[in-house]
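# Architecture and fold: a report
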Amino acid sequence: MLNNQIISIFFRILNLFIILILLFYIFKKYLINSIKNKIIEKKEDLKRLEEKSNDIMNQSSNLDKDFLNQEQFFSKLSFKIKNWKVAFDKKLYKKIIEHELIKTKIENNLKLKEYSLTMQNLKKQTLLHGINQAELELKKQYKDQDSQLMFKNNLLSFLKNNL
Amino acid sequence: MISQEVISRKYAVAFFNLFQQVLNDEVFWNIEFAINFLNKNPSIIDFFHLPNITSSSLNEMIEILLKKLNLPNQFDHLLRLLVKHKRIILLSDVLRKINDIFLQKKNKMLFEVSSSFVLEDNEKNIINLFLKNLLKKNIFLKFNIDKNLIAGIKIKNNNYLWEHSIQKKLHDLKLLI
């Protein structure tokens, strides 16, 4: 009985041992290369990914640099725009002042011209009135025959002297 | 279209060529009187435009007109011709042109003298001499009184104007303003 059991155990162990050897053989014969290849592939993948990661890191670093540059450029541009706006505002203010001065000058000139024209018209009217009054007075004066005679004699003397 | 002036001149030249021997200073003044008379009484010319005018009425009217205007009989031809040509309306213009031609041929000039006072004959002579010396031509003068001058004298014709009057001085003053 005991012997049977020992024999059985022995064979069981032997079987196990054979199976293991068989498994090892199969593993060595068929699977190891495939696994090796897989490992190599995985390593290559890993390497590629590392390279990719490095590239992305580089790109990120470049982008950071670009961003920094852009920020500096924007800052400079902003400064320039501020300066330009100040200069433009100054010019605009100067123009407005000049415009106001010209406007005032034109208004003053117009007022002066208007005044001058009014004075001229007034002068003209006064002179016309004076002449009309003089005409009335002269008509009255020369209704007198003596005045007419004096005028006639003077005139004829002038004609005689120019014969 | 020929202007009235040209037509009038043609009649005047024709008349002058035919009857220049009847034209003298007296006729000249009569023509001047006739021109004034016709200008002041334009309705006289209207008579010749009446539609049913008989030849006897026409003759009578021409005779009266010539008598009234103291014009020689030779003007009868001119009047009849103008009536015949339906251009009697040009009579005053034709008479003016006849006098113009007469003045030109006789080297004379006609001036109208307006004065604010009456001029005596010797004073008229002074004016005549003054113009004669100035223009080196014989002068005819037509006088009238113009109170608008206030005081002074105005001598003018178609080409010349000489004025010495208060009215002109006042006018010049007004122009200066």
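Here, the structure is the one placed above.
Okay, so let's go over this structure. Quick caveat, the model's predicted, so the values are computed rather than measured. (Residues numbered from 1 in each chain as written. Chains lettered and ligands numbered in written order. Predicted model: local features only at pLDDT ≥ 70, side-chain atom pairs only at ≥ 80, totals over all residues. Heavy atoms only, no water.)

## Some details on the overall build of chain A
Put simply, the rule is: Helix and strand definitions follow DSSP, with helices as H or I runs of at least four residues and strands as E runs of at least two, each counted in order from the N terminus. A 1.4 Å probe rolled over the protein chains alone gives each residue an accessible area, and that area as a share of the maximum for its type sets the label: buried under 20%, exposed over 50%, partly exposed in between.
A tally of regular secondary structure across chain A gives two helices and zero strands. Within chain A, the fraction of its 163 residues that count as buried is 6%.

## Section: the pairing of strand 4 (residues 161-165) of chain B
All names here are of chain B. Rule in force here: DSSP-based pairing: two strands are paired if at least 2 bridges between them are found.
One ladder, built from five bridges, connects strand 3 (residues 152-156) with strand 4; its direction is antiparallel. Bridge assignment links Ile155 to a residue of strand 4, and that residue is Trp162. Taken together, strand 3 and the strand that follows it, strand 4, pair antiparallel across an intervening segment of four residues.

## Structural notes on helix 6 (residues 91-105) of chain B
An α-helical segment advances 3.6 residues per turn. Residues three or four places apart therefore align on the same side. Residues and elements named next belong to chain B. Under the convention used in this document: Expected span, for any helix, means 1.5 Å times one less than how many residues it has. Between two residues, a contact is recorded if the distance between any of their heavy atoms is within 4.5 Å.
The first and last C-alpha atoms of helix 6 sit 21 Å apart over 15 residues, in line with the 21 Å expected at 1.5 Å per residue. Among all positions of helix 6, only Leu91, Ser92, Val94, Leu95, Lys97, Ile98, Asn99, Ile101, Phe102 and Leu103 are buried. Among the structural elements, helix 1 (4-19), helix 2 (25-40), helix 3 (43-47), helix 5 (75-84), strand 1 (108-115) and strand 2 (138-145) are those in contact with the buried residues of helix 6. Backbone geometry just downstream of helix 6 places Asn107 in the positive-phi region, at approximately 55°.

## What about the interface of chain B and chain A?
Where interface size is given, it is often the accessible area lost as the parts come together that is meant. Heads up, the rule is: A simple way to read buried area is as the amount of 1.4 Å-probe accessible surface that goes missing from two parts once joined, with both sides added. Here a salt bridge means any side-chain nitrogen of Lys or Arg lying within 4 Å of a carboxyl oxygen belonging to Asp or Glu.
Every contact between the two is made by 22 residues of chain B and, on the other side, 19 residues of chain A. Roughly 2100 Å² of surface becomes buried between chain B and chain A when both sides are summed, with 82% attributable to carbon and sulfur atoms. For the chain B face of the interface with chain A, the top three residues by lost area are Ile126, Ile150 and Ile177 of chain B, together amounting to 29%. Where chain B touches chain A, the interface holds two salt bridges.

## Re the packing of aromatic side chains
Residues and elements named next belong to chain B. For the record, the criterion: Aromatic pairing here means that ring centres of Phe, Tyr or Trp (its six-membered ring) are within 6.5 Å. Orientation follows from the plane angle: under 30 degrees is stacked, over 60 is edge-to-face, and everything else is tilted.
Within the structure shown, the criterion is met by 14 aromatic pairs over all chains. Both rings, one in Phe15 and one in Phe75, keep their centres 4.5 Å apart while their planes meet at 40°; by these two values the pair is tilted. Taken together, the residues span a long stretch of sequence, with Phe15 in helix 1 and Phe75 in helix 5 at a distance of 60 residues. A residue is classified by how much of its surface remains accessible, and Phe15, at 4% relative accessible area, is buried. Judged by its relative accessible area of 0%, Phe75 falls in the buried class. Measuring from centroid to centroid gives 5.2 Å for Phe28 and Trp29, while their planes differ by 85°, and the two rings are edge-to-face.

## Thoughts on the side chain of Asn30 of chain B
As for its position among the elements, Asn30 of chain B is in helix 2. Contacts of Asn30 of chain B, omitting those with residues within four sequence positions, involve Leu69, Asn70 and Leu71 of chain B.

## Re the sheet that holds strand 2 of chain B
Residue and element names in this part refer to chain B. Inclusion rule: Axis definition: a line fitted to C-alpha atoms, over the contacting stretch in the case of helices. Angles run 0 to 180 degrees between N-to-C directions.
Across the sheet, four strands lie side by side as 2-1-3-4; this open sheet has mixed pairing. If you trace the sheet from one side to the other, it starts and ends with strand 2 and strand 4, each paired once. In this sheet, adjacent strand axes meet at a mean angle of 20° when their direction is disregarded. Against the sheet, helix 2 contacts strand 1 and strand 2, and its axis sits at roughly 35° relative to strand 2. This element, helix 6, spans strand 1 and strand 2 of the sheet and lies at about 115° to strand 1.

## Regarding the pattern of salt bridges
Pairing is possible between side chains of opposite charge, provided their charged atoms come close. Evaluation of the coordinates by the stated rule reveals twelve salt bridges over all chains. Note that Glu135 of chain A is salt-bridged to Lys139 of chain A, the shortest N-O span being 3.7 Å. Of this pair, Glu135 of chain A and Lys139 of chain A both sit in helix 1 (residues 2-141), four residues apart, which is roughly one turn of that helix. On the basis of relative accessible area, Glu135 of chain A is assigned to the buried category, the value being 18%. On the basis of relative accessibility, which here comes to 38%, the residue Lys139 of chain A falls in the partly exposed class. One salt-bridge network, in which partners are shared between bridges, spans Glu135 and Lys139 of chain A together with Lys174 of chain B.

## A short note on helix 1 of chain B
Residue and element names in this part refer to chain B. Helix length check: helix 1 (16 residues) gives 22 Å between terminal C-alpha atoms against 22 Å at 1.5 Å per residue, within 8%. Every buried residue belonging to helix 1 is among Ile7, Ser8, Tyr11, Ala12, Phe15, Phe16 and Phe19, and all of these are buried. Among the structural elements, helix 5 and helix 6 are those in contact with the buried residues of helix 1.

## Quick word on the nonpolar core
To be explicit about the condition: What we call a nonpolar core is a set of buried Ala, Val, Leu, Ile, Met, Phe, Trp, Tyr and Cys residues that are connected through their side-chain atoms within 4.5 Å.
Judged by nonpolar contacts, the single largest core of 41 residues is most densely connected at Leu23, Ile31, Phe75, Leu78, Leu91, Leu95 and Ile98 of chain B. If you list the elements that add at least two residues to this core, you get helix 1, helix 2, helix 3, helix 4 (55-68), helix 5 and helix 6 of chain B. In terms of nonpolar packing, the next biggest core, distinct from the first, is built from 24 residues, Leu159 of chain A together with Ile126, Ala151 and Leu170 of chain B among them.

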